[in-house]
Amino acid sequence: MTLIWTAIILLIIFAIINLVTGVTNDAVNFLNAAIGSRITSRRVIYWVAATGIVIGVFLSAGLMEVARKGVIYPNHFFLTELLIVFLAVMITDIIMIDCYNTVGLPTSTTVALVFELIGGAMAITLLRQWQAGGSEPILELINADRTMIILIGILVSIFLALIVGIVAQFVARQIFSFQYENRLKFLQAFAGGVSITAISILLIKKALIGSPFISGNIQMALQDNLFGILVLIMVCTTLLFLILGWALEMSIPGLVVIFGTFALALAFAANDLVNYIGAPLTAIEAVKHFFAEASTDPANYQLLFLNDNLLRSDAFNNNIWVLIFSVSAVIMIATLFFSRRVRYVTDTEIRLSSQMPVQERFSASFLSRILARNFSQMHQSMITIFPAPMIDFVQSRYQRPTTTYKIENAAQGYFDSLRASVNLVASSILISIGTLLNFPLSTTFVVFMVAMGTAIADKAWVRETAVYRIAGMLAIIGSWLLTCVLAFAGSFLLTIVFSKGGMLAILVGTGVTMLVLAYNYLRFGKKEKLMEKTPLLPIENSTPSCHDMAESTGDDIRKKMLEGSKIYLLSLEGLIQNRLSAIEEAQAKATQLKENVRLARKQLFVNFSRVNDDNMDNSQYFIQAVDYLADYSNSINHMSTLILTHIINNHKGLTDDQKNDITDLLDEVTTFLNLMNYTHKEKRFDQVPDLIRKQNILLGYIEELRIKELRRIKHGEGHTRMNILLMEILAETKNIMLFSINILKSHRDIIASIK
């Protein structure tokens, strides 16, 4: 009995944790379109999604399943076997999805659960065979036919969604072009009506039909009159959009995006809640039946009562189930609003489909280079096949408007509301078709691949970005295949370990799970500190002036110089104290600073393309400032890398005399850099001559230290590797001093040139 109660308590705890980790990863499915298009503020988008989640959770009782998609036969398990399998499934799922969240990769919680169940069932089957001497049927617990259909469905849905996304977006762009605002209002209204109707199919099939709140007669009427209902929806929404578009000049694609976000969030909660709490609820129901029948041996209690309707349509007659679903809704919504990793996972997909220049998250790979080159050649060959007038017409539909969309963060990708609406409509249609045909589809796979397809059709993957985004798409698809392998292997191994190790193994597994969660939390916290929260030159105006750029440039350069001075301090303190952790932290921050400055140089030219023509002669000062900042960050990164290499190779440390010299140098340099940052912040450019004098004195002091170190080398004092390292540190410190003054003078010239 101890095993039963321990398993139930742990499964309840795991259900809460799995709700958080699962929603963090799956939120990208219904948030991506709205957040990527910046149709409204993030908080409003969250509230729209939260409303859908609440309704979806309370419509999910009729859709909850004992075993996801019937991949295993739970009624063939004994109670202890099922509890052990569910513990293995939940631990595997939590650890794996949390790791995916930490690195920002979207995956499918549905596919993960399916393969975890298969892995656990396979382990139980093998354990039974060992005990029975090989006489146990190997497929007694696993639905092999259904498993094969799921695998085929995964592969088909990936390629089908990509093709549908490309075709749908190409057609939409040819009809409306990029300059669709305030044009073709009737056509927009009709397209909006069709879009809402398509999304409504998903809403009706996923939520209304099978709902515990709707009687069987009404559900039958909905099914019998579905076509007429959809026609009525299309007519009403088309008329509504005509009124809103003409009278109130509202964005029709934007309204479609809002409604689609609500519908996908509702369908997600109604369909995927079982991924997070289905196993614990099944375990609770099984234990209730066990005690109700007054059985004494859980190892021999077969769960014959289990079927595909464990949580029936009358589930809400029981207050316990109402409480469970209510708490689930609260946890899911709280995760949506407060989880920092929700933004991180969402950001991965948005960057891959961005219409704007962004900091690419993935590096080019050998395969992505080959694919990018071949597709480019194929595109050029196809252009020669079609008539020139047709090519000219198609190209004209991709002409951008003279003004750009206002976005919250210039470093993050975005796309217009037309593409966002196509993403939602195409995804909803594919998911609806899969539901109607009872064909297994992963919501994550469909939504992601549709987004990639629309980005390709919208020419978001230009030659400058295609190689990186193809690499990103391939990496994510590869991670999906890895999900299947890890889910199966993890659940399989843990089921065997828990079956053989008993209570001790389960408690150890729980402890390891908590340690992994804590490690990922701390790891993501460090990564978040290194992320650039505000990019250099964040201009939000569609036509910024040089004054706007000067203000944002000066403030952000000062922040980056301040970050550089902190890294310099951390590196040398780590060297003096021989602390590897401090030096590793400094080197990681230096690498991130260098990358942020690289992005800043790219963003600078993007802003120049949008700036007013007045005072454009001043552009040289902006470029000069960022170039000096790049040299500044390179010197800091090079110095921190040298120190890390020396310490990590366990070479000898500083002598006492060298420690005194470096400590004095560190005090002088940090004091100078702090004064420099103060001058930047207060714009006290009249102090530049005084700073130059201080710089010259400090440069002279650095030369004295170089001479002193050369004498040590000549007399054989100290250690050769450390002597060389100190000479490198002094050289890079000199460069840092020179570049910092040049940055300050460039900032001064920028301010003076716009007055």
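Residues numbered from 1 in each chain as written. Predicted model: local features only at pLDDT ≥ 70, side-chain atom pairs only at ≥ 80, totals over all residues. Heavy atoms only, no water.

**Details of unusual backbone geometry**
And then number 1: The phi dihedral of Asn-578 is positive, around 55°, even though this residue is not glycine.
And then number 2: Along the chain, Asn-578 falls in the loop between α18 (546-577) and α19 (580-608).
And then number 3: In this model, Asn-650 sits at a positive phi of 65°, which is unusual for a non-glycine residue. (Helix = DSSP H or I, 4+ residues; strand = E, 2+ residues; numbered from the N terminus.)

**Overview of the packing of aromatic side chains**
Geometrically, a pair of aromatic rings is defined through the distance of the ring centres and the angle of the planes.
And then number 1: A complete count under the given rule lists 11 aromatic pairs for this structure.
And then number 2: Here the aromatic rings of Phe-30 and Phe-268 are separated by 5.0 Å at their centres, their planes lie at 40°, and the arrangement is tilted. Of this pair, Phe-30 sits in helix α2 (residues 28-37) while Phe-268 sits in helix α10 (residues 252-292), placing them 238 residues apart in sequence. Accessibility assignment for this pair places Phe-30 and Phe-268 in one class, buried.
And then number 3: Here Phe-448 and Trp-480 contribute two aromatic rings whose centre-to-centre distance is 5.4 Å and whose plane-to-plane angle is 80°, an arrangement assigned as edge-to-face. One end of the pair, Phe-448, is in helix α16 (residues 443-457); the other, Trp-480, is in helix α17 (residues 466-530), with 32 residues separating them in the sequence. As far as burial versus exposure is concerned, Phe-448 and Trp-480 are alike and both buried. (Phe/Tyr/Trp six-rings, centres within 6.5 Å; stacked < 30°, edge-to-face > 60°. Buried < 20%, exposed > 50% of the residue type's maximum accessible area, 1.4 Å probe, protein only.)

**Some words on the layout of surface pockets**
Any empty space left between atoms is shown by rolling a water-sized probe over those atoms.
And then number 1: Here the largest pocket defines a volume of roughly 1,500 Å³.
And then number 2: In terms of lining residues, the largest pocket is bounded by 36 residues, among which Phe-375, Ser-376, His-379, Ile-456 and Ala-457 are the most central.
And then number 3: Looking at the lining of the largest pocket, the elements that each hand over two or more residues are α6 (144-176), α13 (366-385), α14 (388-396), α16 and α17.
And then number 4: Here the lining of the largest pocket takes 10 residues from α13, the largest share from any one element.
And then number 5: Among the residues forming the lining of the largest pocket, the class breakdown is 29 nonpolar, four polar and three charged. (1 Å grid on protein atoms, 1.4 Å probe; cavity = no way out; pocket = protein on both sides within 12 Å on 5 of 7 lines; lining within 4 Å. Points joined across faces, edges and corners; volume = space filled by probe spheres on them. Nonpolar A, V, L, I, M, F, W, Y, C, P; charged D, E, K, R; others polar.)

**Regarding the pattern of salt bridges**
In a structure, side chains of opposite charge can pair up when their charged atoms sit close to one another.
And then number 1: Applying the stated criterion across every chain yields a total of 16 salt bridges.
And then number 2: Here Arg-128 makes a salt bridge to Glu-81, at a shortest N to O gap of 2.5 Å. Of this pair, Arg-128 sits in helix α5 (residues 109-132) while Glu-81 sits in helix α4 (residues 79-103), and the two are 47 residues apart along the sequence.
And then number 3: Arg-128 gets classed as buried once you look at its relative accessible area, which sits at 9%.
And then number 4: Ionic pairing is found between Arg-706 and Glu-703, a salt bridge with its closest N-O pair at 3.6 Å. With a gap of three residues between them, Arg-706 and Glu-703 both fall in helix α22 (residues 688-714), about one helical turn apart. (Salt bridge = Lys/Arg side-chain N within 4 Å of Asp/Glu carboxyl O.)

**So, the confidence of the model for the protein chain**
And then number 1: Averaged over all residues, the pLDDT of the protein chain is 81; the fraction at 70 or higher stands at 84%.
And then number 2: No element of the protein chain has a lower mean pLDDT than helix α8 (residues 216-224), which averages 71, and none a higher one than α4, which averages 93.
And then number 3: pLDDT under 50 marks residues 403-413. Its contacts with residues more than four places away, or in other chains, come to 39 contacts.
And then number 4: Long-range and interchain partners of residues 533-543, a stretch whose pLDDT sits below 50, account for 41 contacts in this model, where long-range means more than four residues apart. (pLDDT = per-residue confidence, 0-100. Contact = heavy atoms within 4.5 Å.)

**Re the nonpolar core**
And then number 1: Grouped together as the largest cluster of nonpolar side chains are 116 residues, with contacts concentrated most on Phe-30, Leu-31, Ile-53, Leu-79, Leu-83, Met-332 and Met-449.
And then number 2: Top contributing element to this core by residue count: α4, with 15 residues.
And then number 3: Setting aside residues up to four positions removed in sequence, Ile-53 forms contacts with Phe-30, Ala-265, Leu-266, Phe-268, Ala-269, Met-332, Ile-333 and Leu-336. (Core = buried A, V, L, I, M, F, W, Y, C linked by side-chain atoms within 4.5 Å.)

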